[in-house]
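Spelled out from the first residue to the last, the chains are:
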Amino acid sequence: MTALSETAKSSAGRTTISVDAMGGDHGPAAVVAGISSSAKKNPDIRFILHGPKETLEKLVAKKKPLAGRVEIRDAQGVVSMDDKPSQVMRRKDTSMRSAVESVRDGEADVCVSCGNTGALMGLSVVRLRKLPGVNRPAIAVLWPSRSAQGFNIMLDVGADIRADEQDLLQYALMGASYARNGMEMDHPRVGLLNVGTEEHKGRAELKLAHELISKNAEAANFEFVGFVEGGDIPGDVADVIVTDGFTGNVALKTGEGTASLIGSLLREAFKFSPLSRLAALLAYTSLNRLNKRIDPRRVNGGVFLGLNGTVVKSHGSADATGISAAVKLAFKLSQSGFSEKLAARVASAVSLPQDVPTSPDNNGTTS
């Protein structure tokens, strides 16, 4: 173990984040710039950076905030967005695998990668393993919303296209734990995505999930608001939106595409005439505030839930700002003890479908 690892492990309050430097659309330069920005803002973060050593050493040397705070792990293999997960699983030299294994081996608290989602999930499941009692892990993302916190949590958005009623119950439990420990929501509101809010609507597994979640909401310390519709995803009805991975991924991609379209149409509208360009100038402050509110880079980071370790999936197109946001989320989750609390919640939830009540942790708090 290197000096950095020893320092990181022995320093109280310090968090070591394992970062896959390769695989994103903007390459390792954007990743290094992003972690440098995080290091400048937060002295309690250390990094293990995975990728081609010669390339990363040159990039890190240019960033003063990273001096003495980065350990580089040489990994020559790069996982591309086109690689099939099955192919990636057989390769042992990739930066992505090296980054995940640093969490498995206890050298780092959280893994951050902006690489291929399917490959990252496959590697995470195999190398970290699922928590006991978890059938299907889930990917949770933050969605800009009208809620007081400015965003809602939605899961699953693509870890697995299937989900039965037991899986949806586990998603509700894990999403509520994420909201409490990662987003500081004391009593999150959980909604189950459906084609309508009436209890008689939807597929059979949704009706069964509605019953299961409703029965166990009080014991699990969240408020179940029942069925919610697509329009409620960015609304203020629920803080956590639960759905299967197929529906969640379609909703996510549709939302991203719609946001991009609106941005393009606004730019075209303000360029239409001299008067509209003047209007854009006068509205600059308000437009800039709106852009920050809906900017996906500022809530960048999907969290893999249900594993023996925390993995944050940054958007593949993330720039330095997006990488920094993902690192910030990873740090916050680590500092809250999220991984341990989620494991405790899942362990206690194994008996929930049989309506056996759970109890608070020994210190009187709930996970």
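Nothing here was measured: the structure is a model prediction, and the numbers come from that model. (Residues numbered from 1 in each chain as written. Predicted model: local features only at pLDDT ≥ 70, side-chain atom pairs only at ≥ 80, totals over all residues. Heavy atoms only, no water.)

Interaxial distance between helix α7 (residues 165-183) and helix α12 (residues 320-335) falls to 8 Å at its minimum, and their mutual angle equals 95°. With respect to each other, α7 and α12 are oriented roughly perpendicular. Where α7 approaches α12, its residues Y178, G182 and M183 are matched on the opposing element by L329, K332 and L333. Considering only residue class, the contact of α7 with α12 consists of 4 nonpolar, 1 polar and 1 charged. (Axes fitted to C-alpha atoms, helices over the stretch in contact; angles between N-to-C directions. Helix = DSSP H or I, 4+ residues; strand = E, 2+ residues; numbered from the N terminus. Parallel < 35°, antiparallel > 145°, perpendicular 65-115°, else oblique. Contact = heavy atoms within 4.5 Å. Nonpolar A, V, L, I, M, F, W, Y, C, P; charged D, E, K, R; others polar.)

So, on to a nonpolar patch on the surface. Together, L275, L278, L281 and L282 line one region of the surface with nonpolar side chains, adding up to about 480 Å² of accessible area. Relative to the assigned elements, L281 resides in helix α10 (residues 274-282). (Patch = residues over 30% accessible without salt bridge, like charges linked within 9 Å, V, L, I, M, F, W, Y side chains within 5 Å. Areas by Shrake-Rupley, 256 points an atom, 1.4 Å probe, with all protein chains shown as cover. Salt bridge = Lys/Arg side-chain N within 4 Å of Asp/Glu carboxyl O.)

A few words now on unusual backbone geometry. Between L155 and D156 the backbone carries a cis peptide bond, its omega angle lying at 0°. In this structure, D156 sits in the loop between β6 (151-155) and α7. The phi torsion at R129 lies on the positive side, around 70°, for a residue other than glycine. Relative to the helices and strands, R129 is located in the loop between α6 (117-128) and β5 (138-144). Residue R129 is classed as exposed on the basis of its relative accessible area, which comes to 55%. Unusually for a residue other than glycine, N221 sits at a positive phi of about 65°. Looking at the secondary structure, you find N221 in the loop between α8 (204-216) and β8 (223-228). (Buried < 20%, exposed > 50% of the residue type's maximum accessible area, 1.4 Å probe, protein only.)

This next bit is on the pairing of β6. For β6, the tally of buried residues reaches 5 of 5 residues, placing the bulk of the element in the interior. Alternating positions in β6 separate into two faces, F151, I153 and L155 on one and N152 and M154 on the other, with burial throughout. Bridge analysis of β5 against β6 gives 5 bridges, and the strand direction is antiparallel. Paired with P144 across the two strands is F151, which belongs to β6. Joining the antiparallel neighbours β5 and β6 is a turn of 6 residues, in which G150 adopts a positive phi near 90°. (Pairing = 2+ DSSP bridges.)

Along the chain, S38 falls in helix α2 (residues 27-41). Spatially, the C-alpha atom of S38 lies 9.6 Å from that of A320, the residues being 282 residues apart in sequence.

The next subject is α12. Structurally, the α-helix is built with 3.6 residues per turn, so residues lying three or four positions apart point the same way. The terminal C-alpha atoms of α12, which comprises 16 residues, lie 22 Å apart, in line with the 22 Å expected from a rise of 1.5 Å per residue. Listing the buried residues of α12 in full gives G322, I323, S324, A325, A326, V327, L329, A330, F331 and L333. Taking the backbone nitrogen of T321 as reference, a side-chain oxygen 3.1 Å away marks D319 as the first, capping residue of α12. G337 sits one or two residues past α12 and shows a positive phi near 70°. (Expected span 1.5 Å × (residues − 1). Polar contact = N/O pair within 3.5 Å; in protein donor to acceptor, adjacent residues only side chain to side chain.)

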